[in-house]
Amino acid sequence: MALPVILTELSESIMMFVLGGVAGRTDPLFMVTFTTYYKLWVFVFLAMNGFGQGLIPLVGYNAGRGDADRVRAIARYGARAVAAGMLVCTLVFVLLWRPMLWAFKADATMYGYGAHVFRQMALGFVFCGVANTLALCCTATGNGRVLMVATYLRQLIVPLPLFALIMGTAGVSWACLAFVAGDVCAALYARSAWGRAI
C-alpha cells in the first residue's frame, strides 16, 4: 500500500511541473492566476480529504465484520455529504472569484484569467469530491491502487493532454475545462471500482 500512496503524493508536483512547461512559457500570467487558484483550492481539498480519511476506519471496521450493507451506507452517505459540501464550494468559487483574487493583489490581466480559471475548475468540484471519497473507501478495504489511479486520472492522464489540445485550438482561457473532464473520469472510475469492491 505504501507505493500507491507515494505515487499519489507525487502527482500534484508532476502536474504543476508539466503545466509550467506547457502554459508557463507561453503565458506566465495565466500560470500566476492558476497558482493563485490552486493555493485556495488546497484549503477546499484538505477539508474534503479529511472527511474522506475519517470514513476509512468506519468502512474498514464494518468491512472486517462482514457488514456489507453498512459499508455501502457509509460510503453512500459519505459521498453525498462531500458532494453537498463541494457544491457549496463550487458556488463560492464561481460567484466570489473576484474578491478571492483581490486578496492576492491581482492586476487586470489576472482578473481576466480568473473569470475563466476559477469558474471552469469549480465545475469539477463535486466530481472530484465523489472520486476522492469513494477511492478512500476502496483504500479502507485494502485497495489503495484505486486512489492512485483516480488521482492520476484527475490530475495527469486525462487533463494534461487535453489541456495542451484545448490551449492549442481554443486558447488557454478555456483549457481548464480539461481538468473538469479529468474529475468526471475519476469519479466514474472510482464509482465503478467501489461497486466491484463490495
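Before reading further, recall that the structure is shown in the block above.
Below is a short write-up of the structure. (Residues numbered from 1 in each chain as written. Predicted model: local features only at pLDDT ≥ 70, side-chain atom pairs only at ≥ 80, totals over all residues. Heavy atoms only, no water.)

**Here's the deal with the pattern of salt bridges**
Condition: Here a salt bridge means any side-chain nitrogen of Lys or Arg lying within 4 Å of a carboxyl oxygen belonging to Asp or Glu. A run of H or I in DSSP counts as a helix once it spans at least four residues, and a run of E counts as a strand once it spans at least two, with each numbered from the N terminus.
For the coordinates displayed, the defined rule picks out three salt bridges. Among the ionic pairs, Asp67 bridges to Arg65, the shortest N-O distance being 3.8 Å. Residue Asp69 pairs with Arg72 through a salt bridge whose shortest N-O separation is 3.1 Å. Of this pair, Asp69 and Arg72 are both found in helix H3 (residues 68-95), three residues apart, which corresponds to roughly one turn of the helix. Residues joined in a network through salt bridges with shared partners are Arg65, Asp67 and Arg70.

**Here we look at unusual backbone geometry**
Peptide bonds are mostly trans, and most non-glycine residues show a negative phi. Which entries qualify depends on this criterion: Residue burial is assigned from relative accessible area. The probe radius is 1.4 Å, only protein chains are included, and a residue is buried under 20% of its type maximum, exposed over 50%, and partly exposed in between.
We note that Lys105 has phi near 55 degrees; this positive angle belongs to a residue other than glycine. Secondary-structure assignment places Lys105 in the loop between helix H4 (97-102) and helix H5 (108-122). For Lys105, a relative accessible area of 76% corresponds to the exposed category.

**Side note on a nonpolar patch on the surface**
For clarity, the cut-off: By definition, no residue in a patch forms a salt bridge, and every one has over 30% relative accessible area; like charges are joined within 9 Å, nonpolar side chains (Val, Leu, Ile, Met, Phe, Trp, Tyr) within 5 Å. Only the protein chains shown count as covering a residue, and every accessible area follows the Shrake-Rupley method with a 1.4 Å probe.
A surface patch of nonpolar side chains, amounting to about 450 Å² of accessible area, comprises Val88, Leu91, Val92, Leu95 and Leu96. Tracing the chain through its elements places Leu95 in helix H3.

**Regarding the environment of Ile198**
Using the following cut-off: By definition, residues are in contact when any of their heavy atoms lie within 4.5 Å.
Mapped onto the elements of the fold, Ile198 is located in the segment after helix H9 (177-197). A residue is classified by how much of its surface remains accessible, and Ile198, at 30% relative accessible area, is partly exposed. Note: C-alpha distance between Ile198 and Thr8 (190 residues apart in sequence) is 23 Å. Leave out the neighbours within four places in its chain, and Ile198 touches Ala68, Val71, Arg72 and Thr141.

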